[in-house]
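# Breakdown of the fold
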Amino acid sequence: MLTKKTKNVRYISHGNANMHRPKLTIFCLLLVVAMLGQSAHAATQVSQFGITWTFDSDYTVGQFANGDYWVVGPVTIIGIDPLSTEADGRTKNGSMINPDPENNSNGYDSALGGYDSSLNVALDVDAGDPLFVPVNSSLVSTISVSSASQIPQIKGASILTVLSSAPAANSFRPPYCGTDKSIEFNRSDLNYNLLGTLTPTAGGPTLATVEGYFERPWIDHKGKWSGRYQHPEDNMPDYGREMSAEIGVGALMLHCNYTNAQKETLFIRFVQLGIDLFGIIEDGGITNWTGEGGHASGRKWPILFAGLVLNDTDMKAIGDKSGDYLYDGDHEAGNSPSDYIHFGE
């Protein structure tokens, strides 16, 4: 029994305070469990959106506020399903770790322009040739479409984040770009008071439909127009015009007169998109969304929105190095400041 075990615990006495230490110990243990979240558990594999990662032993795993998985590492992976392998001259179903937005090469599919096999960490991974993933890593794994020369070439993608310790329950996932996997935001940080309560017009999409727009991660680290070939078709639109439309609808839906509980899923997913897009910029992707027709549209508002509702100074300041900053000093279109962040210009 628990009461018998507590009798063997040695305490430093401060008057009669030791009378309450067993209860305090139990309370602290319960608090730790609550902070780690009920979803934290040991597992040899996790699956999401058709992708399964299998480990060499049990590891502590759990889910972020938006449902994406984390694992306490470093972790050794002995299988990624579907397998990334080369057949008939094409390598499919690749994975990348902390993709670099300044590098337009990819490790996902050799039918994509700029394929670099050294970036595909999933190629032929099995128990005999395992993948070691260090902490502070985002493993972005993909499923390729069946045929080459399609737009896009990627069907789906999922993210496994490897951390040094379990995050608090309901934490937001850190961006998949870059090596900084600090847990900076939590669902409890969201400011619902900034959301409106407008009456939605008749004939609009349902809340569940709009939630689905942002259920899966938007893999958007490849710059310029060719990025559309890498946008997973099950996760996001491939073209910026349609991306803008879904972002606009999502933003408007959050200002409709649903209850906070009804808005929560969409709110979390929309903010996670803003965090990911900001992570691309922070990791050097300030020229990824230069003006090339409609390809670069839509990315600015999710970042600003996330900054506002999380009260994050850096995200809220995204406009300081974009927009009219293009004309700072002697600069102009075609001759932008070196630190200018492009959002379709």
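Our subject is the structure listed above.
Reference entry: report on the structure contained in this document. (Residues numbered from 1 in each chain as written. Predicted model: local features only at pLDDT ≥ 70, side-chain atom pairs only at ≥ 80, totals over all residues. Heavy atoms only, no water.)

Their axes nearest at 8 Å, the elements helix α5 (residues 260-282) and helix α6 (residues 300-310) cross at an angle of 115°. Taken together, α5 and α6 sit at an angle that is classed as roughly perpendicular. Viewed along their axes, α5 and α6 form a crossing whose handedness is left-handed. Judged by residue contacts, Phe267, Phe270, Val271, Leu273, Gly274, Ile275, Leu277, Phe278 and Ile281 of α5 engage Trp301, Pro302, Ile303, Phe305, Ala306, Val309 and Leu310 from α6. Of the residues that constitute the contact of α5 with α6, the class distribution is 15 nonpolar, one polar and no charged. (Axes fitted to C-alpha atoms, helices over the stretch in contact; angles between N-to-C directions. Helix = DSSP H or I, 4+ residues; strand = E, 2+ residues; numbered from the N terminus. Parallel < 35°, antiparallel > 145°, perpendicular 65-115°, else oblique. Left-handed = near helix turned anticlockwise from the far one by under 90°. Contact = heavy atoms within 4.5 Å. Nonpolar A, V, L, I, M, F, W, Y, C, P; charged D, E, K, R; others polar.)

On to the environment of Pro232. You can see Pro232 is positioned in the loop between α3 (207-213) and α4 (240-253). Taking relative accessible area as the criterion, Pro232 reaches 1% and is therefore assigned buried. In sequence terms Pro232 and Pro152 are 80 residues apart; their C-alpha atoms lie 6.6 Å from each other. With residues near it in sequence (within four places) discarded, Pro232 still touches Ile154, Lys155, Gly156, Ala157 and Ile219. (Buried < 20%, exposed > 50% of the residue type's maximum accessible area, 1.4 Å probe, protein only.)

Okay, α6 next. The element α6 is extensively covered by neighbouring structure, given that eight of its eleven residues are classed as buried. For α6, every residue scored as buried is listed here: Pro302, Ile303, Leu304, Phe305, Ala306, Gly307, Val309 and Leu310. Of the surrounding elements, those touching the buried residues of α6 are α4, α5 and α7 (313-316). At the C-terminal side of α6, Asn311 shows a positive phi close to 55°.

What follows is about the packing of aromatic side chains. The description of an aromatic ring pair rests on the distance of the ring centres and on the angle between the ring planes. Tallied over the full model, the rule gives nine aromatic pairs. Centre to centre, the rings of Tyr192 and Phe267 are 4.8 Å apart; their planes meet at 75°, and the pair counts as edge-to-face. With Tyr192 in the loop between β10 (154-163) and α3 and Phe267 in helix α5, the pair connects residues that are 75 residues apart, well separated along the chain. Take Tyr192 and Phe267: they sit in the same class, and that class is buried. The structure contains a cluster of three or more aromatic residues connected by ring pairs, namely Tyr192, Tyr213, Phe214, Trp218, Phe267, Phe270, Trp301 and Phe305. (Phe/Tyr/Trp six-rings, centres within 6.5 Å; stacked < 30°, edge-to-face > 60°.)

Of all ten residues that make up β10, nine are buried, and the element is covered over most of its length. Examined bridge by bridge, strand β3 (residues 69-72) and β10 share four bridges and lie parallel to one another. Pairing of Val72 across the sheet is with Leu163, part of β10. With eight bridges connecting them, strand β9 (residues 137-144) and β10 associate as antiparallel partners. Looking at the pairing, Ser137 lines up with Val162 of β10. (Pairing = 2+ DSSP bridges.)

In this structure the tally under the stated criterion is nine salt bridges. Measuring nitrogen to oxygen at the nearest pair gives 2.7 Å for the salt bridge that ties Arg90 to Asp109. Of the two residues, Arg90 is situated in strand β6 (residues 90-91) and Asp109 in the loop between β7 (95-97) and β8 (131-133); the sequence distance between them amounts to 19 residues. Here the two residues Arg90 and Asp109 agree in accessibility, since each one is buried. (Salt bridge = Lys/Arg side-chain N within 4 Å of Asp/Glu carboxyl O.)

Glancing now at the pairing of strand β4 (residues 75-81). When you tally the buried positions in β4, you get five out of seven residues, the bulk of the element. Two elements, strand β2 (residues 51-63) and β4, share four bridges in a ladder whose sense is antiparallel. Residue pairing for β4: Thr52 is matched across the bridge by Asp81. By the bridge criterion, three bridges tie β4 to β8 in an arrangement that is antiparallel. Counterpart to Thr76 in the pairing with β8 is Phe132.

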